[in-house]
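Observations on the model geometry
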Protein chains: 2
Amino acid sequence: MLTPLKDFKKSIQKNPLYKFISPVSMFHDIFKAPPLSVETLSSKVLKTEYAVRGTVVLRALEIEAEMKRDPSKYKFDEIIYCNIGNPQQLKQKPISFFRMVLALCEYPDLLQNPEVEKIFPKDAIERSKIFLKNVVGGMGAYSHSQGIPFIRESVANFISKRDGQKCDGDDIFLTDGASPGVQAILRSITRNENDGIMIPIPQYPLYSASLAMIGAKQVNYYLNEKEGWGLSVDELEKSIQKAHKDNVVVRGLVIINPGNPTGQCLTASNQREIIKFCQKYGLILMADEVYQENVYYKDQKPFSSFRKVLLEMGPEYSSVPLFSFHSISKGFLGECGQRGGYYNTTNIDSAVKHQLYKMASVSLCPNVAGQILIELMVNPPKMGDNSYNNYINERDGIYESLKRRSKKLGEALNKLEGVTCNVPEGAMYAFPRIRLPPKAVEAAKSKGIHPDVFYCLECVQHAGVCIVPGSGFGQEDGTFHFRTTFLPLEEQIDSVVQRLTEFHQDFMKRFK
Amino acid sequence: MLTPLKDFKKSIQKNPLYKFISPVSMFHDIFKAPPLSVETLSSKVLKTEYAVRGTVVLRALEIEAEMKRDPSKYKFDEIIYCNIGNPQQLKQKPISFFRMVLALCEYPDLLQNPEVEKIFPKDAIERSKIFLKNVVGGMGAYSHSQGIPFIRESVANFISKRDGQKCDGDDIFLTDGASPGVQAILRSITRNENDGIMIPIPQYPLYSASLAMIGAKQVNYYLNEKEGWGLSVDELEKSIQKAHKDNVVVRGLVIINPGNPTGQCLTASNQREIIKFCQKYGLILMADEVYQENVYYKDQKPFSSFRKVLLEMGPEYSSVPLFSFHSISKGFLGECGQRGGYYNTTNIDSAVKHQLYKMASVSLCPNVAGQILIELMVNPPKMGDNSYNNYINERDGIYESLKRRSKKLGEALNKLEGVTCNVPEGAMYAFPRIRLPPKAVEAAKSKGIHPDVFYCLECVQHAGVCIVPGSGFGQEDGTFHFRTTFLPLEEQIDSVVQRLTEFHQDFMKRFK
């Protein structure tokens, strides 16, 4: 029974179960709800963790504020943020053509100005006119909740060509970046706290965070660090058997390819095994393919979408439902702040798609600029267009540089004492294993924090490099890692390597 | 027990309870999850309804497609969308200054071009430079998850001035439109299916949809149609007492002011009563104030924010937690497609705010263009700036026109047989009551649809005007309504009035 007003505060302080007390009493008139405090928030919210923007980043922001007040306080003159795949924060330039088109769409009066042709190439002007004709109400109007139809058609064309398998615009859902799409699917396919989704360990914490928030079970499967973060079906089997023993109904399997934070790329034969595994257990496959352009050894390990592999396996596998995710935030675009993404459904019936449309409609629509960038990404300037050469130069410049930086960072990490690192084949991250001296582990414990959190806090404190502890992504018990991007520009990546090296040597010395 | 593979398909077709069957069997090796179908989606998702983009809109889109194939099929030549507050879809022009600044921010190379000063006014150029200096990485970088710090400071300044009460940038959370903010708060403050939130009836269906999706209780309180959709504390008392009898822990109260779909504006004395009510029951107040600029009788009923009223009531009320919501989609901006919004916390402690930050960080950040538009909204050109006069002309032109249109539509609706309508004092909608003839009610029932859905489907079919059934917003049992915006431009609003009038007369005749 809920206590009356006067005794309420006392009672809730004493009774840890007050959340579950019935609000009804026949003897009193006024029943107060428990006051708003962190203890009375949703337990799902409290359980959610997202390390990519967690403790270490908050410490980095504090240090930045301290440096503003006293520039001599630290031995570095700026924090380098390697915690997140955010290329433009680290001064990567956006693709010019895309931004020209966006500028013209934001301010269409420019098109009436006779000066416009002196400033913008012809194809950028033409392209913006196509958008303004096809996007009802322009950038400022809510669009179709599933995304602007002609943009969805364009995405479908891109996918049809990429996979050699026809795709339909009705199977495309545009989103504000890939993350809201992932969350919408997880929310829809898990029915209660007994339903589970298999995710890789290490994983991108969007998955663990979203499952915690929704209140569904996280079912871990482990990537094999010794085999270049390989994914074996034996491990998937082990994982699902364990989940079944724990009474979990496993509904879906998440694959991140290329891997985040692990940077590995799957072979097509491995993908086929995974699809067979999904069929065997009736699993919904969720393919996070946002790094599909970030593949650095295309000859040995070209990217194949799960959609292509699945459809090529023939009608026997048409019962395997697949959701594939893509984004403007990664690749060579790096348009993170513009929030554009999509997901593509394969083998999903129209009644399910109608429910996904309905869920999308509650948030009205993804932002229109992000939608337009999606269209530009899948349909860039073509040979012969005024902007083609410039586009190719910018694109290839970024790609080649990312490849060089991934190698440079991976190799430098491998030279450090007690550190091993699979040189990334794709994505934007290295995920080295660090062997911490017992004294460092003790020091962390005495502070009540995880040893790799301790290492990363020391790193931002002493080297001004912001990296993320492996515990935020998951790792085998007893091992420690961190994730770092290789996104600092080439003129800066040497400094990152140097800072990390000096810090690590000093750290190992201090805790020997 | 889950059945083995071979019997699985049969069993699930027979057993409606298969969702709840445990997946474990000691006798079999392979347990398939139930296949993906609309029946095996989350029941929370299935229960969610969002009429603003529901059946009637889908029918309108179908009619549009039919008209493309056969332009003579309908007696109108276009559908007029009055289902949603989406001004630019109906050709309202965006504020020029805002779009100039956005164009320059999207393509900063323009600022290096000597032609730029011929095209853009000086203050637009200056303003874009301020953004590019303060927004790390520009439009393409993920920002701080809570929103760009200098923009939050600017919002806090605006609120401080508006309310005469100091506000802090740490209390501002920028969002992709107001909707994701509302959902984040509802998700955080409801702990289980026994926690409830009071919402007005009629309401904007974001609230009912979000509560269904989260799995919390919707506690209805009714607005009084006869008194201009007035909100009485007696009704709030009745509602909470009933909820307590039903064992619901009422945690929060939603107020939409100005009202949506009802268009009424609250007086400050009414707001004080509401705050006292919240204090009495320990409720968290959620003030949806996205229509704060859409107030058409400012002399009689000026807008006061709940924050201002609450803080002026003194420290005695500092235990009442308040979340206030605002947006770039409404007012005279109508920048719906750009997805910008914020919420402002009052009397919320920092541990709770940290949890809200963490939740925001899982989705990384709101889109940067939307954040910039928020800053422009709260800090528009000032007297003496090059763009000031133009800004004022555009702003006042839209405002005065909306006021004229609200009156025109409200009065026209009142002239229809069996229709009564409170002329809107604010927002963008009229919500007339329609008395449907028994034969129309029967016709609807024979089709298995709600009578007001039937009326709205007939309206889009015969008049080409897309409006939303009252049942999508909630209404007193036995009454029927619809919501229509008054957003069509003045040259079109006469046509809307004429189409609605002719349709209604014909409908009443047909079902007499």
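What you see is a predicted model; the values in this text were computed from it and never measured.

A word on the packing of aromatic side chains. Residue and element names in this part refer to chain A. Enumeration according to the criterion identifies 46 aromatic pairs over all chains in this entry. Consider the rings of Phe98 and Tyr391, whose centres lie 5.9 Å apart with planes at 35°: the pair is tilted. With Phe98 in helix 4 (residues 96-106) and Tyr391 in helix 15 (residues 388-414), this residue pair connects regions lying 293 residues apart in the sequence. The exposure class of Phe98 is buried, given its relative accessible area of 1%. The exposure class of Tyr391 is buried, given its relative accessible area of 3%. Here Phe503 and Phe507 contribute two aromatic rings whose centre-to-centre distance is 5.6 Å and whose plane-to-plane angle is 50°, an arrangement assigned as tilted. Here Phe503 and its partner Phe507 are both found in helix 18 (residues 490-510), 4 residues apart, which amounts to about one turn of the helix. Relative accessible area serves as the criterion here: at 3%, Phe503 is assigned to the buried category. Three or more aromatic residues joined by ring pairs make a cluster, and in this case those are Phe454, Tyr455, Phe482, Phe503, Phe507 and Phe511. Above the ring of Tyr429, the side-chain terminus of Arg483 is found at 3.8 Å from the ring centroid.

Residue and element names in this part refer to chain A. Taken across its 6 residues, strand 8 (residues 341-346) has 6 buried, putting it largely inside the fold. Neither face of strand 8 is open: one carries Gly341, Tyr343 and Thr345, the other Tyr342, Asn344 and Thr346, and all of them are buried. Bridging between strand 2 (residues 172-175) and strand 8 involves 4 bridges; their strand directions are antiparallel. Each bridged residue has a counterpart across the sheet, and for Phe173 the counterpart in strand 8 is Tyr343. Two strands pair when backbone bridges link them, and strand 7 (residues 322-327) and strand 8 are joined in this way by 6 bridges, in the antiparallel orientation. In the sheet register, Phe323 faces strand 8, and the bridge partner there is Thr345.

This paragraph deals with the pattern of salt bridges. All names here are of chain A. All chains considered together, the criterion is met by 48 salt bridges over all chains. With a closest N to O distance of 3.1 Å, Lys73 and Glu66 form a salt bridge. Between Glu335 and Arg99 there is a salt bridge, and its shortest N-O distance comes to 2.8 Å. Linking Glu335 in the loop between strand 7 and strand 8 with Arg99 in helix 4, this pair joins segments that are 236 residues apart in sequence. When its relative accessible area of 1% is taken as the criterion, Glu335 is described as buried.

This paragraph deals with the relation of the copies chain B and chain A. The transformation that overlays chain B on chain A combines an axial shift of 0.0 Å with a rotation of 180°, and the residual RMSD is 0.0 Å. Interpreted geometrically, this transformation is the action of a two-fold axis. Rotation axis and chain B: the residue whose C-alpha lies nearest the axis is Ala103(B), separated from it by 2.0 Å.

Turning next to the sheet that holds strand 6 (residues 284-288) of chain B. Residue and element names in this part refer to chain B. The 7 strands are arranged 2-8-7-6-5-3-4 in an open sheet whose pairing can be described as mixed. Strands at the two margins of the open sheet, each flanked by one partner only, are strand 2 (172-175) and strand 4 (217-222). Pairs of neighbouring strands in the sheet enclose a mean axial angle of 25°, with direction left out of account. Contacting strand 3 (195-201), strand 5 (249-256) and strand 6, helix 11 (residues 268-281) crosses the sheet at an angle of about 165° to strand 5. Sheet contacts for helix 14 (residues 368-378): strand 2, strand 7 (322-327) and strand 8 (341-346); angle to strand 8, the most-contacted strand, approximately 65°.

So, how was this worked out
Residues numbered from 1 in each chain as written. Chains lettered and ligands numbered in written order. Predicted model: local features only at pLDDT ≥ 70, side-chain atom pairs only at ≥ 80, totals over all residues. Heavy atoms only, no water. Phe/Tyr/Trp six-rings, centres within 6.5 Å; stacked < 30°, edge-to-face > 60°. Helix = DSSP H or I, 4+ residues; strand = E, 2+ residues; numbered from the N terminus. Buried < 20%, exposed > 50% of the residue type's maximum accessible area, 1.4 Å probe, protein only. Lys NZ or Arg CZ within 6 Å of the ring centre and 35° of its normal. Pairing = 2+ DSSP bridges. Salt bridge = Lys/Arg side-chain N within 4 Å of Asp/Glu carboxyl O. Least-squares fit on C-alpha atoms with pLDDT ≥ 70 in both. Axes fitted to C-alpha atoms, helices over the stretch in contact; angles between N-to-C directions. Contact = heavy atoms within 4.5 Å.

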